[in-house]
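What follows is each chain in one-letter form.
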Amino acid sequence: MQNPQSSNNANQDPTIDAQPQPRRPRGFAATAAAAAASGSPTGTSSGAGAASTGSSSGKGKREREKEKERTKLRERHRRAITSRMLAGLRQYGNFPLPARADMNDVLAALAREAGWTVEPDGTTYRLRHSPPAQPQHHQHLGAFPVRSVESPLSSSSLKNCSVKATLDCQPPVVRIDESLSPASLDSVVIAERDTRSEKYPSASPINSVECLEADQLIQDVHSVEHENDFTGTQDVPVYIKLSTGVINNFCQVADPESIRQELSHLKSLNVDGVIVDCWWGIIENWNPQKYVWSGYRELFNIIREFNMKIQVVMAFHEYGGTDSANVLISLPQWILEIGKENQDIFFTDREGRRTTECLSWGIDKERVLNGRTGIEVYFDFMRSFRTEFDDLFAESLFSAVEIGLGPSGELRYPSFSERMGWRYPGIGEFQCYDKYLQQNLRKAAKLRGHSFWARGPDNAGQYNSRPHETGFFCERGDYDSYYGRFFLQWYAQSLIDHADNVLSLASLAFDETKIIVKVPAVYWWYKTSSHAAELTAGYYNPTNQDGYSPVFEVLKKHSVTMKFVCSGLQVCSYESDEAFADPEGLSWQVLNSAWDRGLTVAGENTLSCFDREGCLRIIETAKPRNDPDRRHFSFFVYQQPSPLVQGVICFPDLDYFIKCMHGDITGDLGPQ
């Protein structure tokens, strides 16, 4: 149809050849043009016109920057929604979606479950229909690959899905807009109706109002009845962690009768065993290589009276903080005395602030601890424990030994310490500025051939910064530059080398005894591209890297059991949007990566999770009933927020949790 305006112009002057009309400026261009027109009237000097144009250009640039930020926020919001949908499908819908799945994988899996065929190029049709030929107006659309996902669900599991008649008679074609950036493909669902869909109404019925909507499919999957029946499932032994104050700072049992009362309660709940922390700061407190085990001998004898297994923790870190119940256990006093003369034995941030939570791995092989290296000090402590309690090892009282490898006993840097002012969901800070780690960094940079890389990033923010506020962790930030990749690989490798060095000696000290290593759950900012909190903690796990595989290769080398901290938290929408947190997505990646490498996997809850709903989420994680390989935790450690005898824990809930873990119960999670 001819443009009326063009027709009128032609009628007014038929001698003028028809020429295409120039495009009318839109958006920022229109704003800039209007400003230029209003600021440069006829007769204005060229200098004034240039100044006005420069001002308009600067304003337009600022508007473009603001629009970019708004676009990023919208994209993050879409990704947050996508992540929650994927997590729900993995946990409740039995869909084995890939770790980096996008919404096209979800649509393909749901369509196949409903009886449709989805070709690799996105063409979707019923089996009784042949694949439709591509209309000519779709030739400009690139073929977008849709990975095949086979679902173990039966077709009856989607019995509540209502499929419109339109889907039976029209072969839909999935349309992907090529203007989408690669990053936005993570959260693409289907483009909204536009002028092209109006022009070709039958080309893409998936945009039709009569089409089965993706969100309806998601709701139908979530609505499938999911009974909480754990009868006959795998038996996962449950250990309860005894409170820290059972042994005082003089290595004495604080209250033997209270301990017996607590153990009696645990025995009545059919708990399999208990966890006991052996604190370096208590046992070797005053003098090097002078170990006091008397209080632990008495405690172990009390536990043996109840015929319960014991897992011991070699706790080479300090304890105390906001949730410590006024209990403070520091590093040994002789270590702190050395630290007064040589503060570089402790981890140091960019501002030069030291944290005494644990020793820096920079001294693992430096003889700065009265003639001993860091790993020699750890080995002498472990060997002393093995020798002192050889009789109890012979009785098989100890089922396993956990080796503390960092703050809170976890394999990580002390990057988010509350004592340093960190508050959730801050990204934390790199802890590599003591002179020993700096020496290692300079050596690594020299070997790489870039000596000027021997520095920490100067634009990584502070403890409570957000990724987008920094030049290092922001979208397309320096973390993915040549220098950024070099630094992060070195930083993560230092953590891996520390684990390798300590575990090599632990295997000698505890021959034929199961060894455990605790891996943290750093789930905030997991939905961003940089995974900033994981990077500062020592896990090089941005979206284009797998930061856990190298760690698990070392654990596999030493036949170690990996104990993962399960949050059990249901992150609210506000918190998820604020911190881009995804505990379920992180758990899925870590657990499957460990299982795929043949590691034995165990779990431990956080202190913030001891309600019934949180316990159910942990049970589903501990032994996923939909796993075709029937993989499950080898045991689970339940941390109690305070001693059971104080009545803080609801015993029916804990009893229910233990029975579910043992596979001995049928029921629901309704209130009792």
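Just so we're clear, the structure is a prediction, and the values are computed from it rather than from any experiment.

With that settled, the discussion passes to the side chain of Gln234. Following the sequence through the fold, Gln234 ends up in the loop between helix H7 (214-222) and strand S3 (238-241). According to the relative accessible area criterion, Gln234 is buried, its value standing at 12%.

Judged by nonpolar contacts, the single largest core of 156 residues is most densely connected at Tyr296, Phe300, Met314, Phe385, Ile403, Met562 and Phe657. The dominant element in this core, judged by the number of residues it contributes, is helix H15 (residues 482-509), at 14 residues. Leave out the neighbours within four places in its chain, and Met562 touches Val517, Val519, Phe552, Leu555, Val590, Leu591, Ala594, Leu599, Thr600, Val601 and Ala602. Counting residues in hydrophobic clusters, the runner-up holds ten residues, among them Leu89, Phe95, Leu97 and Ala101.

Our focus in this paragraph is the pattern of salt bridges. Scanning all chains against the criterion turns up 27 salt bridges. One salt bridge connects Lys563 with Glu402, and the closest N-O pair in it is separated by 2.5 Å. Linking Lys563 in strand S10 (residues 561-566) with Glu402 in strand S8 (residues 398-403), this pair joins segments that are 161 residues apart in sequence. Overall, the relative accessible area of 1% leaves Lys563 in the buried class. Its salt-bridge partner being Glu604, residue Lys518 comes within 3.4 Å of it at the nearest N-O pair.

So, on to the sheet that holds S10. Spatial ordering of the closed barrel is given by S3-S4-S5-S8-S9-S10-S11-S12, a layout of eight strands whose pairing is parallel. In this sheet, neighbouring strand axes are inclined to one another by 30° on average, regardless of whether the strands run parallel or antiparallel. Where S3 meets strand S12 (residues 636-639), four bridges bridge the pair, whose relative direction is parallel. Residue Val238 lies in a different strand from S12, and its bridge partner there is Phe636. Helix H12 (residues 374-388) contacts strand S4 (273-279), strand S5 (309-315) and S8 of the sheet and is inclined by roughly 155° relative to S5.

What follows concerns the packing of helix H8 (residues 256-268) against helix H10 (residues 294-305). Packing of H8 against H10 brings their axes to within 10 Å, and their N-to-C directions diverge by 35°. Between H8 and H10 lies a crossing of right-handed hand. Together, Pro256, Ile259, Arg260 and Leu263 of H8 and Glu298, Leu299, Ile302, Ile303 and Glu305 of H10 make up the contact between the two elements. The residue inventory of the contact of H8 with H10, partitioned by class, reads six nonpolar, no polar and three charged.

Under the local residue numbering, the UniProt record ascribes the feature "active site" (unreviewed entry) to Glu410 and Glu604. A maximum C-alpha distance of 11.6 Å places the annotated residues, which cover 195 residues in sequence, within one compact spot. Structurally, Glu410 can be placed in the loop between S8 and helix H14 (435-448). Of the residues examined, Glu410 reaches a relative accessible area of 12% and is grouped as buried. Not counting chain neighbours up to four residues away, the residues in contact with Glu410 comprise Leu405, Lys518, Pro520 and Val565. In this structure, Glu604 sits in strand S11 (residues 600-605). Leave out the neighbours within four places in its chain, and Glu604 touches Lys241, Lys518, Lys563, Phe564, Val565, Cys566, Phe636, Val637 and Gln639.

A full pass over the atoms with the stated rule returns 52 aromatic pairs. Seen in terms of ring centroids, Phe487 and Trp490 are 5.9 Å apart; in terms of plane orientation they differ by 40°. Their pairing is tilted. You can see Phe487 and its partner Trp490 sitting in helix H15, three residues apart, about one turn around the helix. A residue is classified by how much of its surface remains accessible, and Trp490, at 10% relative accessible area, is buried. Looking at Arg386, its charged tip hangs above the ring of Phe393, at a distance of 4.3 Å from the centre.

For the rest of this paragraph, the subject is the packing of H14 against H15. At a minimum axis separation of 11 Å, H14 and H15 run at an interaxial angle of 130°. In terms of orientation, H14 lies oblique with respect to H15. Crossing handedness for the pair H14 and H15: right-handed. Taking contact as the criterion, the partners of Leu437, Asn440, Leu441, Ala444, Ala445 and Arg448 in H14 are, on H15, Phe486, Phe487 and Trp490. In terms of residue class, the contact of H14 with H15 is built from seven nonpolar, one polar and one charged.

A separate point is H10. Between its terminal C-alpha atoms H10 stretches 17 Å, which fits the 16 Å expected from twelve residues at 1.5 Å a residue. Gly295, Tyr296, Leu299, Phe300, Ile302 and Ile303 are the residues of H10 that are buried. Relative to the axis of H10, the buried residues are bounded by an arc of 160° and lie together on one face. One or two residues past the end of H10 sits Asn307, with phi positive at roughly 55°.

Analysis parameters
- Residues numbered from 1 in each chain as written.
- Predicted model: local features only at pLDDT ≥ 70, side-chain atom pairs only at ≥ 80, totals over all residues.
- Heavy atoms only, no water.
- Helix = DSSP H or I, 4+ residues; strand = E, 2+ residues; numbered from the N terminus.
- Buried < 20%, exposed > 50% of the residue type's maximum accessible area, 1.4 Å probe, protein only.
- Core = buried A, V, L, I, M, F, W, Y, C linked by side-chain atoms within 4.5 Å.
- Contact = heavy atoms within 4.5 Å.
- Salt bridge = Lys/Arg side-chain N within 4 Å of Asp/Glu carboxyl O.
- Pairing = 2+ DSSP bridges.
- Axes fitted to C-alpha atoms, helices over the stretch in contact; angles between N-to-C directions.
- Left-handed = near helix turned anticlockwise from the far one by under 90°.
- Nonpolar A, V, L, I, M, F, W, Y, C, P; charged D, E, K, R; others polar.
- UniProt positions renumbered as here; feature names shortened; annotations may be inferred.
- Phe/Tyr/Trp six-rings, centres within 6.5 Å; stacked < 30°, edge-to-face > 60°.
- Lys NZ or Arg CZ within 6 Å of the ring centre and 35° of its normal.
- Parallel < 35°, antiparallel > 145°, perpendicular 65-115°, else oblique.
- Expected span 1.5 Å × (residues − 1).
- Arc of directions from axis to C-beta.

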